[in-house]
Amino acid sequence: MKVTQGFTEGVPGGTKEHQIVSAVPSKVAYVGKTLVAGGVAGCCAKTATAPIDRLKILIQAKNTHYLNLKPSRGFLAIYRKEGLRGYYKGNGAMMVRIFPYAAIQFMSYEQYKKARV
């Protein structure tokens, strides 16, 4: 296979105009991908644990409605009092905080891992 001006010659499955040589992803693109991947993963993880955090915060704030309840009863009380959306109160603000934190943490980990290899 011969590469000429960004096109490949002799590649089966199409003409040389349609066979563009893919460049190695640049470091900036890799960092961008890891930032987005880390941020999205952090948001997914926090959203999955949001109901537990919501109950924990209500108990820590010594809210009289939830203070002496077992966790299972606490979840039921939140559902009865606030509905399904009650489990995710404050989750939007949490995402604003978590996305950059998780993104930088994951990107740093990936960069450190690449440097060590």
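See the structure shown above.
Residues numbered from 1 in each chain as written. Predicted model: local features only at pLDDT ≥ 70, side-chain atom pairs only at ≥ 80, totals over all residues. Heavy atoms only, no water.

Draft legend 1. Spatial organisation of a nonpolar patch on the surface. A contiguous nonpolar surface patch, about 240 Å² in accessible area, is contributed by V36, V40 and F99. You can call F99 partly exposed: its relative accessible area is 34%. (Patch = residues over 30% accessible without salt bridge, like charges linked within 9 Å, V, L, I, M, F, W, Y side chains within 5 Å. Areas by Shrake-Rupley, 256 points an atom, 1.4 Å probe, with all protein chains shown as cover. Salt bridge = Lys/Arg side-chain N within 4 Å of Asp/Glu carboxyl O. Buried < 20%, exposed > 50% of the residue type's maximum accessible area, 1.4 Å probe, protein only.)

Draft legend 2. Examining the packing of aromatic side chains more closely. On inspection of all chains with the given rule, the structure shows one aromatic pair. Positioned over the ring face of Y30 is K114, at 4.1 Å from the centre of the ring. (Phe/Tyr/Trp six-rings, centres within 6.5 Å; stacked < 30°, edge-to-face > 60°. Lys NZ or Arg CZ within 6 Å of the ring centre and 35° of its normal.)

Draft legend 3. Seen up close, helix 4 (residues 91-116). Under the 1.5 Å per step criterion, the end-to-end length of helix 4 is 36 Å for 26 residues, consistent within 8% with the ideal 38 Å. The sharpest bend along helix 4 reaches about 30° and sits at I98, with the proline P100 one to four residues further on. Residues N91, M95, I98, A102, A103, M107, E110 and Q111 constitute the buried set of helix 4. Contact partners of the buried residues in helix 4: helix 1 (27-48) and helix 2 (50-60). (Helix = DSSP H or I, 4+ residues; strand = E, 2+ residues; numbered from the N terminus. Expected span 1.5 Å × (residues − 1). Bend = angle between axes of the 7 residues up to and from the residue. Contact = heavy atoms within 4.5 Å.)

Draft legend 4. Molecular detail of the pattern of salt bridges. Taken as a whole and judged by the stated rule, the model has five salt bridges. Between K89 and E82 there is a salt bridge, with the nearest N and O atoms lying 3.2 Å from each other. With relative accessibility at 23%, the residue E82 sits in the partly exposed group. Look at the salt bridges and you will find they share partners, linking K46, D53 and K56 into a network.

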